[in-house]
Amino acid sequence: MWRDFFILTMYLSLGIGSLQAEGFFLWEDCIWVGLERNAQFRLEKTKSELFPILLSEKWKQYLPKLGVHYFGIFSRNREQLDQEYRDVRIQIQQLLYDGGEIEREKQKIEIKQLIQLEEKKILREKIFQNISLAYLNANKRSLIQSMVDHRFDRYQLENRKRNLEIQTNLLQAVEAKSLKQWEVDFYSKRIHTQALRESSLLELKAAMFLDPSESLELEPGITERIEIFQPTPSPIEVDANHPLRKKNRYQMELVHLEEESLRNDWKPKLVLGGYLGRNGNQGFPLQNEIYGVSIGFQANLGGSSFVSNTQNGMQSEGNGIQRIPGYGPQAVGPGENAFQSGSINLFDEVSRDKKRYDVRFNLVQSHTEREQTELYLRNLSKSTEIKLEEEYQKYTLYLHFLRSAFLTLKQKAEEKKLNQITEIEYLKTEEEVFVAFEHTFDHYFNYIATALELVILLGEDPFSNRYYHLHRHKYKSEFNQLLSDWKEQIPTQNFEKKEPRKGKLTPFYLEDPYEMR
């Protein structure tokens, strides 16, 4: 499944060395740079480092708590004997039972980690799609701009020719004026295409988090690498492991764990403890050995809490002090010393009803989000599939028109060489070919962009799937063959000043009224 990042890494590591030139960016390069520079994606990767820390903290609660405790009392008052007491002991506590709460808390952290992983996938796919769409649009604008530039060279050549024809009276001034209007329209279109190309590059830089002043040159020949296929009529199903679906499933599991925690919060917590040390009344070294064990019990009873502690200890000799929770230090003597304490705090958990409400609300919200996600994915996949079929049909339609228009252009070029048609007729045919190229390119890239959106939903490889394939090497593209043939139609002969002709060899019904016989 492509969503695992190793596929993208594989493509980037293998590279396409036969195509990639120094300083030029391929599709894969743009994705790599964009992901590396995206601040939000870097933040998500940083957030993922928190969960192992939280899991480690929860795991440590199973370990015994070990500590060294020192206690000292000194009394030097007038009319009283001086007193001195020191107590040093090693204490240990071990959680024996907590009703499974720590394990549930660990599971919650693990599920939150999985949710964050799916959110990172969703963000990565969004970044991938934004950069890809900007990249495809920039390539489309560059191709159209290159065609306009070739047409501009063609117009420059024809302009030189017309100037010679006007000077030799082969072209009337009225016709020259009408051609000027045509030139104005063309120059306006050229300015517009240049602006669109520059804007598309800025959009790509923004998607890649590049500064507008940074250089970005795209590797040419994208149509020589991407081969498209006709959409299959078989029904499509959105990937069962789509990040949105997995995120909803994890959210449901998290809510159920919270519900389980609320149901089991009545289960008690049992802690076993002990201590070992020495105390004395004559300073260091301490004289008397002490040791003991303790048991702590805590439970929640419908919003009220019950706490109980029991401690049994032994002191070898001398007088000591036993610290009783809630009562302070009490003097003890040699032998066995013990105490028990217990308390019930009525309705001290005032937020219990709020917790119960939050769990019910989160459960309903998770179910609602899951239903909405399923509906969204089904509708989006169906509408994208319809749009994909539309773009492919338009692409094939304009490609067929392009072939036909190009054959007509070749025929017109031969007729023009034989002076059977006028220059303006040839230019009109050439305009039809240019328009056909522009529409074909437009639907070609729209098809790839739509297919990309669909394969992300399906969980397929965005570089090689049932709708298109990104070749590692150049393959023979009909686009480029037609474009190359179209470029060859631009004449390269030098124009020289000629005398007016006295007659033509073409039949009069092929001549325009303004042409001189």
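All of these numbers come straight from a predicted model, not from anything done at the bench. The numbers attached to residues start from 1 for each chain and follow its sequence in the written order. Note on the predicted model: pLDDT of at least 70 is required for a residue's local features to be given, and 80 or more for side-chain atom pairs to be given and counted; whole-chain, interface and lining totals, by contrast, use all residues. Excluding hydrogens and water, the side-chain figures rest on all heavy atoms present in the structure.

**Examining the overall build of the protein**
Stated precisely, the cut-off is as follows: Secondary structure follows DSSP: runs of H or I at least 4 residues long count as helices, runs of E at least 2 residues long count as strands, and numbering of each begins at the N terminus. Think of it in three bands: with a 1.4 Å probe and only protein chains considered, a residue is buried below 20% of the maximum accessible area for its type, exposed above 50%, and partly exposed in between. Any pair of residues with heavy atoms lying within 4.5 Å of one another is described as a contacting pair. For the area figures, the Shrake-Rupley method with a 1.4 Å probe applies, and any residue is considered shielded solely by the protein chains shown.
Looking only at helices and strands, the protein has 10 helices and 12 strands in total. The 517 residues of the protein split such that 43% are buried. The contacts in the protein between residues at least 6 apart in sequence include a share of 75% that link residues at least 24 apart. Carbon and sulfur atoms make up 54% of the accessible area of the protein, which totals about 29300 Å².

**Thoughts on the layout of surface pockets**
A water-sized probe rolled over the atoms picks out the places where empty space is left. Using the following cut-off: Using a grid of 1 Å spacing that covers the protein atoms alone, one calls a set of points a cavity when a 1.4 Å probe fits there but cannot get out, and a pocket when the set is open and has protein on both sides within 12 Å along at least five of seven lines; lining residues are those with an atom within 4 Å of a point. Grid points are joined across faces, edges and corners, and a volume is the space filled by probe spheres set on the points. Nonpolar residues are Ala, Val, Leu, Ile, Met, Phe, Trp, Tyr, Cys and Pro. Charged residues are Asp, Glu, Lys and Arg, and all others, Gly as well, are polar.
What the second largest pocket holds in volume is close to 510 Å³. Surrounding the second largest pocket, 32 residues form its lining, Arg89, Gln91, Tyr275, Ser294 and Gln311 being those nearest its centre. Of all the secondary structure elements, the ones that give two or more residues to the lining of the second largest pocket are strand 2 (65-75), strand 3 (83-97), strand 6 (269-280), strand 7 (288-301), strand 8 (304-315), strand 9 (320-324) and strand 11 (335-345). Considering only residue class, the lining of the second largest pocket consists of 12 nonpolar, 16 polar and four charged.

**Remarks on the sheet that holds strand 7**
The condition that has to hold: In this analysis, strands are considered paired if DSSP registers two or more bridges between them. To get an axis, a line is fitted to the C-alpha atoms, and for a helix only the part in contact is used. The angle between two axes follows their N-to-C directions and goes from 0 to 180 degrees.
Pairing in this open sheet of six strands is antiparallel, and the strands run 2-3-6-7-8-11 from one edge to the other. The strands lining the two open edges of the sheet, one partner per strand, are strand 2 and strand 11. Here the average twist between neighbouring strands, direction ignored, is 15 degrees. As defined by bridge partners, strand 8 adjoins strand 11 across 11 bridges and the pair is classed as antiparallel. Across the sheet, the residue bridging to Gly313 is Asn337, located in strand 11.

**Focus: the side chain of Glu415**
You can see Glu415 is positioned in helix 8 (residues 352-417). Excluding residues within four positions of it along the chain, Glu415 makes contact with Gln420 and Ile421.

**Considering the nonpolar core**
This is how the line gets drawn: We define a nonpolar core as any set of buried Ala, Val, Leu, Ile, Met, Phe, Trp, Tyr and Cys residues linked to one another through side-chain atoms lying within 4.5 Å.
Judged by nonpolar contacts, the single largest core of 71 residues is most densely connected at Trp27, Leu204, Ile226, Ile228, Phe437, Tyr467 and Tyr468. At the level of elements, helix 2 (27-37), helix 5 (101-167), helix 6 (173-207), strand 5 (226-228), helix 8, helix 9 (423-458), strand 12 (468-470) and helix 10 (478-488) are the ones that each hand at least two residues to this core. When residues no more than four places from it in sequence are discounted, the contact partners of Trp27 are Ser132, Tyr135, Arg225, Ile226, Leu452, Pro462, Phe463, Tyr468 and Leu470. In this structure, Ile111, Ile115, Tyr250 and Leu254 belong to the second largest nonpolar core, which totals five residues.

**A look at the pairing of strand 3**
Sheet topology note: the strand 2/strand 3 ladder contains 11 bridges and is antiparallel. Of the residues in strand 3, the one forming a bridge with Ser75 is Gln83. Bridge count between strand 3 and strand 6: 11 bridges; the pairing is antiparallel. The partner of Ile92 across the bridge, within strand 6, is Gly274.

**Here we look at the packing of helix 8 against helix 9**
The test is simple: Roughly parallel means an angle under 35 degrees; roughly antiparallel means over 145; roughly perpendicular covers 65 to 115; every other angle is labelled oblique. In this scheme, a crossing is called left-handed if the near helix is turned counterclockwise away from the far one by less than a right angle; it is called right-handed if the turn is clockwise.
Two elements in contact, helix 8 and helix 9, have axes separated by 7 Å at closest approach and are oriented at 160 degrees. By the criterion of interaxial angle, the relationship of helix 8 to helix 9 is roughly antiparallel. As for how helix 8 packs across helix 9, the hand of that crossing is left-handed.

**A look at the pattern of salt bridges**
Under the convention used in this document: Only one rule defines a salt bridge in this text: a Lys or Arg side-chain nitrogen within 4 Å of an Asp or Glu carboxyl oxygen.
Evaluation of the coordinates by the stated rule reveals 26 salt bridges. Two residues, Glu57 and Lys60, come together in a salt bridge whose shortest N-O distance is 3.8 Å. Here Glu57 and its partner Lys60 are both found in helix 4 (residues 50-60), three residues apart, which amounts to about one turn of the helix. What makes Glu57 partly exposed here is its relative accessible area of 42%. With relative accessibility at 42%, the residue Lys60 sits in the partly exposed group. The shortest N-O distance in the salt bridge between Asp87 and Arg89 comes to 2.8 Å. Comparing Asp87 with Arg89 shows no difference in burial state: the two are buried. Here the residues in one salt-bridge network are Glu101, Arg104 and Glu260, joined through shared partners.

**Looking at the side chain of Thr440**
Keep this limit in mind: In protein, a polar contact requires one atom able to donate a hydrogen and another able to accept it; more generally it is a pair of N or O atoms within 3.5 Å, and residues adjacent in sequence count only if both atoms are side-chain atoms.
Examined against the element boundaries, Thr440 turns out to sit in helix 9. Looking at Thr440, its side chain comes within polar contact range of the main-chain oxygen of Tyr398, at 3.3 Å. In contact with Thr440, other than residues within four places in its own chain, are Tyr395, Tyr398, Leu399, Leu402 and Phe479.

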